[in-house]
Structure formats: C-alpha cells, structure tokens
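# Coordinate inspection notes
Single-letter residue listing:
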Amino acid sequence: MSTDAGDANEDRRKYEFRKVIEELDDYEGSGTQLVTIYIPDDKQISDVVAHVTQEHSEASNIKSKQTRTNVQDALTSIKDRLRYYDTFPPDNGIVIFSGAVNSGGGQTDMVTRVLDSPPEPIQSFRYHCDSNFLTQPLEDMLSDKGLFGLIVLDRREANVGWLRGKRVEPVKSASSLVPGKQRKGGQSAQRFARLRLEAIDNFYQEVAGMANDLFVPERHEMGGILVGGPSPTKDEFLDGDYLHHELGDLVVGKFDVSYTDESGLYDLVDAAQEVLADQEVMKDKSQMEEFFEKLHTGEQATYGFGPTRKNLIMGSVDRLLLSEDLRSDVVVYECPNGHEEYEVVDRRHGDPGHDCTECGEEAEKTDREDVIEHLMEIAEQRGTETKFISTDFEKGEQLYDAFGGVAGILRYSTGV
Ligand SMILES: [Zn+2]
C-alpha cells in the first residue's frame, strides 16, 4: 500500500519526467545523429558499453563528415555517463539521450540527458539513432491508466492477465475439457447435455479461481476488470456470479473479442479504449466536481495563483489541484520599499517587468521558477496533497482556461 506522501513524491517525479520529455521532444538534429538508449535493469552495464563501442566504430562508415562526428561525439558522451554506474543499472533501468541539436542559425549544441529509475521498468534494450530523440516509451509509462485485470474466455480456453499503464501482461491460461456439441454414438442426448453443462460449469469455476487468485489481493489498487470473449460465453460467465463478489463490482466492461489466447488480451484492451479513457479521468473528474461544489455552495475553495498560494502558506489547503497542461513560470519581484510580488508568465516568454501594486515603484526581479514546482514545494511543507488534473474532460479544461491551471480545496474557509 502506498501512502499519500509516497503518491505525492511519485506525482512529482512524474511531473519532472514529463518536463524533461517535453524539452527533449523540442530538439532536432540536422542529420540522423540523436542517440537514445533504453537500458533495462537486468542488462549489464559492460554489455551496453560494448554495444556503444561497436556503434562508435560502425559510425565511421557514415558518409557525411558532420553527421559522423556528431554521432561519435554522442556515443562518447554516453560512454562517459555509463561510467557512473556499477554492474547493473538502478531499479527500472536507465534512459540516455545524447546528440548535437540545432540551436538556430546553423549552430548546434551538444545535449546529454540521463533519466534513471523511470516510473515503470524498461522492458527491453533499445538503441535508437534518428533526427529526434525517442521519448514515446517513456511517455507511455507516464499515462495514468493504472492497473486493470483482464479476462478473455470462451468454452475451450481462457487467459487472465494485467494491463499496467499501456502494457499488457499475460499471466495464466487454462483450457477446458468441454466436449464439442457433437455427441458420440450410444450416448443418450440428455446425459450428453448434462455432462456438457457440468463441464462448462467446471471450466467457468476454474477460470474464476484463476482470476480470483490473481485479482483479489490487488482489488484495492485496481481501476477495474475487463472481460472479453464471444457471446454468450462471457455473459454466461459474468451472469453466473463465478467471480469473487468483490471482483464482480469491479467489472467495468465486457467486450466482443474473437480470440481467447494471449493475443485476445491485447484485442480486449483495444476494444476497451473508450472505457479506459473514461476511467483515466474518473478520479480527476471527482476532484473537480468536489471543487465546483465547494465553490458554489460556500467558501471552501480557492483558485488562481495568488489566492491559492496565500491559502497554501496559511496551511488551509486540503488538496492542491494543478492542471497537467500548466506550463508557466512565476517571476518574483521586489520593489525598493520591500514589497514582494509575483507575476505568472508562459514558460517560453521573457520577464515581463513589474510595477509594485502597493506603492507604484518599479520592482526588480529576484527569482524565476516553475509554477508547479513552486507550489508543490509549499504544499509539501504544509502537508497538502497535490493532484494533477487532466484537460481531457470539460471541468479539467475549465481549470486550465478559467482558473489559470491552479486551484485548491480548502480545509476551512479563509476569506482569501
Ligand atoms: Zn512597493
């Protein structure tokens, strides 16, 4: 079980990863010269060094002198970074990005970024050289789809597994001894039908047992269970209450899927995309609904950078709500009379300049910081939980558009 503090740290780590990914996505190389390496935690560092050395010598065949030099420089830089690690990478692995990126006016800058211990394990070693960095696998890890149980079945075969984020993990399978519809000669039709029903019932029980063993211990961590298969098998299985009663409530959808082998688990996830997208924003939706309720009925809500920050410092914020799409900096100004004030600006824009609203004097910039990091730091000091809210639903969009991407649900009314 993860604690709230653990979740907050995880959210913060995810935010930091997302920020680096966005920065990396903006880079471009003039040739095929940006190198990305994904290293799983069970891969020996010495193997990776050998691979990079090999690529370095093969790069000598690159025709363009500039690209050749750039690729070799990137590989040398990666080798330098690998020296900081022991035999194996840290938990979940490492991703290294390195290359000469365009910095405008025909100039290039050498960029090297190392991300260790990503939010989910890296599945396989990947070497990628292109005019862009490869960030998609990391982006997939940051999706909040969470954990879902998967069941596919017909009367002959069943598979159960997990959907973790965007990754399907087959776990167990079973096949049945249910006889076909054709009875053998000499058997009475009635007896045959009864035996067949018994065999089906036994098989459903076996499948349910498999699912119960796997899912019951995780039921509080799961976003739901998806069930797939042909009709009427999956309906029979669900209507027959074979699953543990606490799992029955977790079934969020049943889907027509033709295959019930491992590939059926993937088909099931494809078929369930809409339900999964809904589930992804469901927690965010309930946070925003609570916020709007408090906003309309009383004073236990705050929004906008200034008021939310004040409330945070007072310790009155129960939950800080930040839009996932917020990309702003806060610029801190101080006037000659010692008044400290803040301006929120788009991350890509320069400093706007500021006249003190109290005395009208021209103020001087003393600091500039990412809004999210600025607010999260205060929240952590005050024991306030931070929730990131997606913009993939109406009220999430409103948080971004109408409230500057920052709001708070208060513990008590403060009048700020
Ligand atoms: Zn002033």
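Residues numbered from 1 in each chain as written. Predicted model: local features only at pLDDT ≥ 70, side-chain atom pairs only at ≥ 80, totals over all residues. Heavy atoms only, no water.

### Looking at the overall build of the chain
Helix and strand counts for the chain stand at 12 helices and 16 strands. The C-alpha radius of gyration computed for the chain amounts to 28 Å, which surpasses the reference 22 Å derived for 416 residues by more than 25%, pointing to a less compact arrangement than a globule. Taken over the C-alpha atoms alone, the chain extends approximately 105 × 70 × 35 Å along its principal axes. Buried positions account for 44% of the 416 residues belonging to the chain. In the chain, of all internal contacts separated by at least 6 residues, the share reaching a separation of at least 24 is 71%. Accessible area for the chain stands at about 21,400 Å²; split by element, carbon and sulfur atoms hold 43% of it. Computed over 45 positive and 80 negative side-chain charges, the separation of the two mean positions in the chain equals 7 Å. (Helix = DSSP H or I, 4+ residues; strand = E, 2+ residues; numbered from the N terminus. Rg over C-alpha atoms; globule rule 2.2 N^0.38 Å. Buried < 20%, exposed > 50% of the residue type's maximum accessible area, 1.4 Å probe, protein only. Contact = heavy atoms within 4.5 Å. Areas by Shrake-Rupley, 256 points an atom, 1.4 Å probe, with all protein chains shown as cover. Lys, Arg positive; Asp, Glu negative; His and termini not counted. Charge placed at Lys NZ, Arg CZ, Asp CG, Glu CD.)

### Some thoughts on the confidence of the model for the chain
Looking at the chain as a whole, its pLDDT mean stands at 91, while 97% of the residues score no less than 70. Counted against residues more than four places away or in other chains, residues 1-5, with its pLDDT under 50, gives three contacts. (pLDDT = per-residue confidence, 0-100.)

### Considering the sheet that holds strand E12 (residues 328-334)
Pairing is antiparallel across the open sheet formed by three strands, whose spatial order is E13-E12-E14. Bordering the open sheet on either side are strand E13 (340-346) and strand E14 (364-370), each of which pairs with just one other strand. With direction set aside, neighbouring strand axes in the sheet form an average angle of 25 degrees. Against the sheet, helix H11 (residues 371-382) contacts E12, E13 and E14, and its axis sits at roughly 85 degrees relative to E14. (Pairing = 2+ DSSP bridges. Axes fitted to C-alpha atoms, helices over the stretch in contact; angles between N-to-C directions.)

### Structural notes on the packing of aromatic side chains
Evaluated as defined, the whole model comprises 12 aromatic pairs. Judged by centre distance (5.3 Å) and plane angle (75 degrees), the rings of Tyr204 and Tyr242 are edge-to-face. One end of the pair, Tyr204, is in helix H5 (residues 189-215); the other, Tyr242, is in the loop between helix H6 (233-239) and helix H7 (245-248), and 38 residues separate them in sequence. A residue is classified by how much of its surface remains accessible, and Tyr204, at 2% relative accessible area, is buried. Seen from their ring centres, Tyr303 and Phe403 are 4.6 Å apart, and the 70 degrees between their planes marks the pair as edge-to-face. On the criterion of sequence distance, the pair formed by Tyr303 in strand E10 (residues 301-303) and Phe403 in the loop between helix H12 (394-402) and strand E16 (406-410) is long-range, its members being 100 residues apart. On the basis of relative accessible area, Tyr303 is assigned to the partly exposed category, the value being 39%. For Phe403, a relative accessible area of 10% translates into the label buried. (Phe/Tyr/Trp six-rings, centres within 6.5 Å; stacked < 30°, edge-to-face > 60°.)

### So, the sheet that holds strand E6 (residues 157-164)
Strand order across the open sheet formed by five strands is E7-E6-E5-E8-E9, with mixed pairing between neighbours. A strand with exactly one partner marks an edge of an open sheet, and here the two such strands are strand E7 (167-175) and strand E9 (251-256). Strand-to-strand, the axes of this sheet are offset by a mean angle of 20 degrees, without reference to chain direction. Here strand E5 (residues 147-153) pairs with E6 via seven bridges, running antiparallel. By the bridge assignment for E6, Leu153 is matched with Ala158. Against the sheet, H5 contacts E5, E6, E7 and strand E8 (222-229), and its axis sits at roughly 20 degrees relative to E6. This element, helix H9 (residues 273-297), spans E5, E6, E8 and E9 of the sheet and lies at about 165 degrees to E9.

### Examining the coordination of the zinc ion
Surrounding the zinc ion are the protein donor atoms Cys335 (SG), His339 (ND1), Cys356 (SG) and Cys359 (SG), at 2.1 to 2.3 Å. Relative to the metal, the four donor atoms surrounding the zinc ion lie at angles of 103 to 119 degrees, and the coordination shape comes out tetrahedral. Positions of the donor residues of the zinc ion along the chain correspond to the pattern C-x3-H-x16-C-x2-C. You can see Cys335 sitting in the loop between E12 and E13 and its partner Cys356 sitting in the loop between E13 and E14, a full 21 residues away along the chain. (Donors = N, O, S within 2.8 Å, 3.2 Å for Na, K, Ca; no water. Tetrahedral: all angles 85-135°; square planar, octahedral: opposite > 155°, others 65-115°.)

### Digging into the pairing of E6
Taken across its eight residues, E6 has six buried, putting it largely inside the fold. Between E5 and E6, which follow one another and run antiparallel, lie three residues. Note that E6 and E7 share eight bridges and pair antiparallel. Each residue of the ladder has a partner; that of Arg164, found in E7, is Arg167. Connecting E6 to the antiparallel partner E7 that follows it, the hairpin turn spans two residues, and Gly165 within it adopts a positive phi of roughly 60 degrees.

### A look at the environment of Glu373
Considering the arrangement of structural elements, one finds Glu373 in helix H11. Spatially, the C-alpha atom of Glu373 lies 28 Å from that of Pro89, the residues being 284 residues apart in sequence. Setting aside its immediate chain neighbours within four residues, Glu373 contacts Arg12, Tyr15, Glu16 and Lys19.

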